[in-house]
There are 2 protein chains.
Amino acid sequence: MSRRKFLVGSAAATSAALLASPAVRAQPAAVTWRLQSSYPKSLEILYGACTMFSERIAELTDGRFDVKVYAAGELVPPFQVLEGVRNGTVEAGQTASYYWVGQNKAHAFDTTLPFGLSARQQNAWVFYGGGLKLLRDFYAEQNMVNFPGLNTAAQMGGWFRKQINSLEDLKGLRMRIPGMGGEVLSKLGVVPQTLAAGDVYTALEKGTIDATEWVGPYDDEKLGFYRVAKNYYAPGFWEGSANVSFFANKEKLDALPKAFRSAFEVAAQEVNVMATARYDVANAEALRRLVSKGATVRTFPRDVLQEAFKVSEALLDEEAAKNATFKKLLDSWRPFRETQSLWSRVNELQFANFMAQAGVRR
Amino acid sequence: MSRRKFLVGSAAATSAALLASPAVRAQPAAVTWRLQSSYPKSLEILYGACTMFSERIAELTDGRFDVKVYAAGELVPPFQVLEGVRNGTVEAGQTASYYWVGQNKAHAFDTTLPFGLSARQQNAWVFYGGGLKLLRDFYAEQNMVNFPGLNTAAQMGGWFRKQINSLEDLKGLRMRIPGMGGEVLSKLGVVPQTLAAGDVYTALEKGTIDATEWVGPYDDEKLGFYRVAKNYYAPGFWEGSANVSFFANKEKLDALPKAFRSAFEVAAQEVNVMATARYDVANAEALRRLVSKGATVRTFPRDVLQEAFKVSEALLDEEAAKNATFKKLLDSWRPFRETQSLWSRVNELQFANFMAQAGVRR
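Being a predicted model, the structure only gives us computed values, none of them experimental.

Draft legend 1. Fine view of the overall build of chain A. For chain A, the helix and strand inventory stands at 13 helices and 11 strands. For a compact globule of 362 residues, the expected C-alpha radius of gyration is about 21 Å, and chain A comes in at 23 Å, within 12% of that figure. Its C-alpha atoms give chain A principal-axis dimensions of roughly 80 × 50 × 45 Å. Counting the 362 residues in chain A, one finds 61% classified as buried. Each charge class in chain A was averaged separately, 43 positive and 37 negative side chains, and the resulting centres sit 4 Å apart.

Take a look at the structure:
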C-alpha cells in the first residue's frame, strides 16, 4: 500500500507542500444546496432519509457540499416541490412524483402504479430494465434529474370502519384515497375523498368517511386510525411499492464538480437500501403493537382484487392511447412486470411462502 | 446558492489562491488499495460488483483513493481471501463469508443460513435489527470490517438428473453442495460432494454425481448444466438469499481519511442495490432461455421442505449449544426472522402472490 499522511499545518506550510508535491490538488470550492422535502419531520423515515442523504454527502466531500434539508413547507409547499426544483427556487427536492399525476400520469412510473412492481422489481426495472433512461428523459424535459431514493415497499390497504366481504361492500364507500388508486376504486363504486392529513382522523371518527389508506403500520400508528376503524386491510394493491425520489435541478446539477454529482447520486442509492430496511423493521414491530391495541388484520376478498386489477389495466391502456410519454413507459414497464412475475413465481415466492409459515411456527 | 468556480491553473496559481482563500483545503494524499475478489471475471455480476465499487470510489475521491480490483486467485486464492485481508496481504476483499463456516459457523450470518432471511430481510436485520453490530464485533476480533455489498436473492435448488418426488428420492443422492446446505441435506440421506467449479459439468454428465446446485438461472446457464440434467428445482432453501460482502483490513481502514472511509462504505451500499437489481433482470431473462432449451422447472415436494426445515433448525440449535458467538447471533436473528415472516405474510406476500398470477395473465 502506498499511503502517505498529509498533515496540514498553516496556510504557508500548505502552500509549500503544494509546490513541492504536484500530486496534491486543491479541493473544489464549497457549494450549498437547499433540499426541500414533501414530508414533515414527524414522518421520520421519509424525512430522515433526507438527513441521512445530506450527512453522507457532507462526509464524502469533507463538508464542502452542504445540502441543507428543509421539512415540508419550509421553503416550498409539499405539493409544489417539483415546481420549486424545476424553476430553481430550491436546488433539490424529495418527493413522490405520483403527486403530480394530475399534470401527467407518466409521473406515476417513478413512484408506482396500481398493481405495479414490488420494491425490488422497481429497482430492477429502473436500473437494468431501461426505466431510468425513460424517466430521466421525461424529467430532463422539465429541467430535472430524478434519483430513486427510498421505497416504502408494499403499503397496507388502510383502515375501514366496516368489513369488506365482497365487491358489493365497496359501493358508495367514502374513502380517503388520492391519485390513480382513487381512480381505480371509483370504478368499483368507491367515492374517493381528498383530505388534508390533519383532517383524516376526525373525518374517520365522525363517519364523514368510511375508510382511509395511508402508508403502513409504522406511519399509520402515529395517526391513531386503529382507535376509530378497527379493520386493517391488506394489501394496498394500488401501492405494491412506492419509490420516493430525490430530484435535482438539472442545470445546477450539471454545473457541480464531478465528485459532488457522484456524491449526490451514491447517497441516494444508500438511502434506497437503508430506508426500506428501516421501514421493514419499524412496520413489523408496529404491526404487532397495532394488533395488541385491537386492530384486526384482514385481506381484501379475491373478487375485489380481480375486478380492481381489470379496471386498473384498462385505465393504463386508456391513458396510453392518449399520452405518448405514458405509452412509451408502459411499453417498457408492462412486459418487464410479466417477466419478473414469472421469475418471482418460480423461485423467490416458493421460498417466501414457505418461510412465512415455517419461520413463525416455532 | 453560494457556489464559486475554482479553476486550477499552475502550481503557483494554486498556491496563490490557497493563500488568498482559507476556505480552500488541500485534498488528502492519494491511497492505493488492492481488492481481491473470490470470483472470476466470468461471473460478471459478482466480479462486476467490484469494478462498480472501485469506479464509484475513484469518482467520489477524484481518483485519489484507487482501489485496484483483482479477479479470483490473482493475489490470494479464492478461499483465502479473508486470511489475506486479515493479515494485510491485501487491504480489501470481496467474498461470501460462509465459505469459512469450517472455521466458525458464525460466518454464515453475514451470508445466509439454511431457511434464512430474504435479501430484503437480511438488509433489515443487518442495518436496523442489530445484526451489523454483532457481525462487526465478530470481524473486529479478526482485524476486519465487513460491508454488506450484494445479494443474489433466493438461489435455485439446482439441477437434478432425476425427479425428486418425495423424501425417499433423496436417499443416496450424490449432490454437489457445500457448506451448511450440504450438512442439512446429508441428514436427509444425500451424499454431499465437494467439486471444483470446473469439474462439476463432467461429473454430472457422466453420472458421477446425480445433482448439483449453483446460483440461479443467469450464472447456471453459462455452465450448461441444462444439457445434462433437465430437472431444475426450486427453491434453494439453503440459500433463500446470499449476501456477498466487501471486507477491509481494520487497521488499514481506520488509518484512512474519513472521506475515503465514507466512500468505501457508501460504494458498498450502492452495489447492494445495483447487483440485486442486475441479478433480477438477468435471472428472469435466463430462466426463459433455459426453459426454451429444455430445462423443466420443478418445485421440491412439501415433505422435503418440511423435513429439511426441521433438521436445519436442529442444526442451528446444536451449534448454538457449543458456540457462544453463533448463539449470540442466532438469538438476534431467529426472533427477527419470526417478526419479519409475520409482517411479510400479512401484506407483501398477499400482493406478491396475486401479482405472480395476474401480472403474467395478459
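Draft legend 2. Broad picture of the sheet that holds strand β8 (residues 211-212) of chain A. Residues and elements named next belong to chain A. A sheet is described by the order of its strands in space; here 6 strands give the open sequence β7-β6-β8-β5-β9-β11, paired in mixed fashion. Both edges of this open sheet fall to β7 (191-193) and β11 (296-299), since each of them pairs with a single strand only. Pairing of strand β9 (residues 231-234) with β11, which is carried by 4 bridges, proceeds in the parallel orientation. Within β11, the residue paired with Tyr-233 across the bridge is Arg-298.

Draft legend 3. Highlighting the side chain of A:Arg334. Residue and element names in this part refer to chain A. Tracing the sequence through the fold places Arg-334 in helix α13 (residues 324-361). When its relative accessible area of 12% is taken as the criterion, Arg-334 is described as buried. Among the polar contacts made by the side chain of Arg-334, one reaches the side chain of Asp-317 at a distance of 2.8 Å.

Draft legend 4. Here's a closer look at the sheet that holds strand β4 (residues 144-151) of chain B. All names here are of chain B. Read from one edge of the open sheet, 5 strands run β2-β1-β3-β10-β4, paired in mixed fashion. Looking at the sheet topology across the chains shown, the edges are occupied by β2 (65-70) and β4. Between one strand and the next, the sheet's axes are offset by a mean angle of 25 degrees, whatever the strand orientation. As paired elements, β4 and strand β10 (residues 243-249) share 6 bridges and run antiparallel to each other. Looking across to β10, one finds that Asn-146 is bridged to Phe-247. Contacts between helix α2 (residues 44-60) and the sheet are confined to β1 (31-37), β2, β3 (92-95), β4 and β10, with β2 contributing the most and set at about 165 degrees to the helix. Packing of helix α6 (residues 131-140) onto the sheet brings it into contact with β4 and β10, and relative to β4 it is tilted by some 130 degrees.

Draft legend 5. Expanded view of the packing of helix α2 (residues 44-60) of chain A against helix α11 (residues 258-292) of chain B. Taken N-terminus to C-terminus, the directions of α2(A) and α11(B) make an angle of 130 degrees; their axes are 8 Å apart at the nearest point. By the criterion of interaxial angle, the relationship of α2(A) to α11(B) is oblique. Here A:Arg56, A:Glu59 and A:Leu60 of α2(A) lie close against α11(B), whose contacting residues are B:Lys258, B:Ala259, B:Ser262, B:Ala263, B:Glu265 and B:Val266. When its residues are assigned to classes, the contact of α2(A) with α11(B) shows 4 nonpolar, 1 polar and 4 charged.

Draft legend 6. Region of interest: α2(A). Spanning 17 residues, α2(A) covers 23 Å between terminal C-alpha atoms, matching the ideal 24 Å at 1.5 Å per step. Two residues or fewer after α2(A) comes A:Asp62, characterised by a positive phi angle close to 55 degrees.

Draft legend 7. Representation of empty space enclosed by the protein within the structure. Tallying each qualifying case throughout the model produces 6 cavities of 30 Å³ or more. In this structure, the largest cavity spans a volume of roughly 590 Å³. Around the largest cavity, the lining comprises 34 residues; the ones closest to its centre are A:Arg120, A:Glu348, B:Arg120, B:Glu348 and B:Leu349. For the lining of the largest cavity, the elements supplying multiple residues, two or more each, are α5 (119-128) and α13 of chain A together with α5 (119-128) and α13 (324-361) of chain B. The element contributing the most residues to the lining of the largest cavity is α13(B), with 11 residues. Of the residues belonging to the lining of the largest cavity, the class tally is 15 nonpolar, 12 polar and 7 charged. Each pocket or cavity is described by its volume, and for the second largest cavity that value is around 260 Å³.

Draft legend 8. Local environment of the domain arrangement of chain A. Residue and element names in this part refer to chain A. Under the domain assignment, chain A is made up of domain 1 (31-103 + 124-150 + 243-281) and domain 2 (324-353). Inter-centroid distance (C-alpha atoms) of domain 1 to domain 2 is 26 Å. Each partner contributes residues to the interface: domain 1 has 6 residues there, and domain 2 has 6 residues. Between domain 1 and domain 2, roughly 610 Å² of surface is buried when both sides are summed, and carbon and sulfur atoms account for 83% of that area. In terms of surface lost to domain 2, no three residues of domain 1 exceed Trp-125, Leu-134 and Phe-138, which account for 75% of the buried area on that side. At the boundary of domain 1 and domain 2, one finds 0 salt bridges. If you look at where domain 1 meets domain 2, you find 1 residue pair in polar contact (both at pLDDT 80 or more). Broken down by element, the side of domain 1 that touches domain 2 gets its largest block of residues, 3 residues, from helix α6 (residues 131-140). Classifying every residue of the side of domain 1 that touches domain 2 by side-chain character gives 5 nonpolar, 1 polar and no charged.

Draft legend 9. Representation of the environment of B:Ser292 in the model. Mapped onto the elements of the fold, B:Ser292 is located in helix α11. A polar contact of 2.7 Å, which involves the side chain of B:Ser292, links it to the backbone oxygen of B:Arg289.

Draft legend 10. Highlighting the UniProt feature "binding site: substrate" (unreviewed entry) in chain A. Residue and element names in this part refer to chain A. Per the UniProt record, "binding site: substrate" (unreviewed entry) is found at Gln-155, Arg-176, Glu-213 and Glu-239. Given a relative accessible area of 3%, Glu-213 falls into the buried group. The contact partners of Glu-213, leaving out residues within four places of it in the chain, are Gln-155, Gly-157, Gly-158, Met-175, Arg-176, Ile-177, Pro-178, Trp-238 and Glu-239. Looking at Glu-213, its side chain comes within polar contact range of the side chain of Arg-176, at 2.7 Å. Tracing the backbone shows Glu-239 in the loop between β9 and β10 (243-249).

Draft legend 11. Local environment of the interface of chain A and chain B. Listed by partner, the interface residues are 110 residues for chain A and 110 residues for chain B. For the pair chain A and chain B, the two sides together bury roughly 10,100 Å², of which 61% comes from carbon and sulfur. The interface formed by chain A and chain B contains 4 salt bridges. A salt bridge links B:Asp280 to A:Arg120, with the shortest nitrogen-to-oxygen separation between them at 2.7 Å. Linking chain A with chain B are 27 residue pairs in polar contact (both at pLDDT 80 or more). When contributions to the side of chain A that touches chain B are tallied by element, the ones reaching two or more residues are α1 (11-20), β1 (31-37), α2, α5, α11 (258-292), β11, α12 (302-322) and α13 of chain A. The element best represented in the side of chain A that touches chain B is α13(A), accounting for 25 residues. In the side of chain A that touches chain B, the residues fall into 56 nonpolar, 27 polar and 27 charged.

Draft legend 12. Main features of the relation of the copies chain A and chain B. For these two chains of identical sequence, chain A goes onto chain B by a turn of 180 degrees and a shift of 0.0 Å along the axis, with RMSD 0.0 Å. Here the transformation between the copies is reduced to the relation of a two-fold axis. Taken as a fraction of all interface residues of chain A, those also at the interface in chain B reach 100%, which identifies the copy contact as same-surface.

Criteria and thresholds
- Residues numbered from 1 in each chain as written.
- Chains lettered and ligands numbered in written order.
- Predicted model: local features only at pLDDT ≥ 70, side-chain atom pairs only at ≥ 80, totals over all residues.
- Heavy atoms only, no water.
- Helix = DSSP H or I, 4+ residues; strand = E, 2+ residues; numbered from the N terminus.
- Rg over C-alpha atoms; globule rule 2.2 N^0.38 Å.
- Buried < 20%, exposed > 50% of the residue type's maximum accessible area, 1.4 Å probe, protein only.
- Lys, Arg positive; Asp, Glu negative; His and termini not counted.
- Charge placed at Lys NZ, Arg CZ, Asp CG, Glu CD.
- Pairing = 2+ DSSP bridges.
- Polar contact = N/O pair within 3.5 Å; in protein donor to acceptor, adjacent residues only side chain to side chain.
- Axes fitted to C-alpha atoms, helices over the stretch in contact; angles between N-to-C directions.
- Contact = heavy atoms within 4.5 Å.
- Parallel < 35°, antiparallel > 145°, perpendicular 65-115°, else oblique.
- Nonpolar A, V, L, I, M, F, W, Y, C, P; charged D, E, K, R; others polar.
- Expected span 1.5 Å × (residues − 1).
- 1 Å grid on protein atoms, 1.4 Å probe; cavity = no way out; pocket = protein on both sides within 12 Å on 5 of 7 lines; lining within 4 Å.
- Points joined across faces, edges and corners; volume = space filled by probe spheres on them.
- Domains from an automatic or database assignment.
- Buried area = accessible area lost by both parts, 1.4 Å probe.
- Salt bridge = Lys/Arg side-chain N within 4 Å of Asp/Glu carboxyl O.
- UniProt positions renumbered as here; feature names shortened; annotations may be inferred.
- Least-squares fit on C-alpha atoms with pLDDT ≥ 70 in both.

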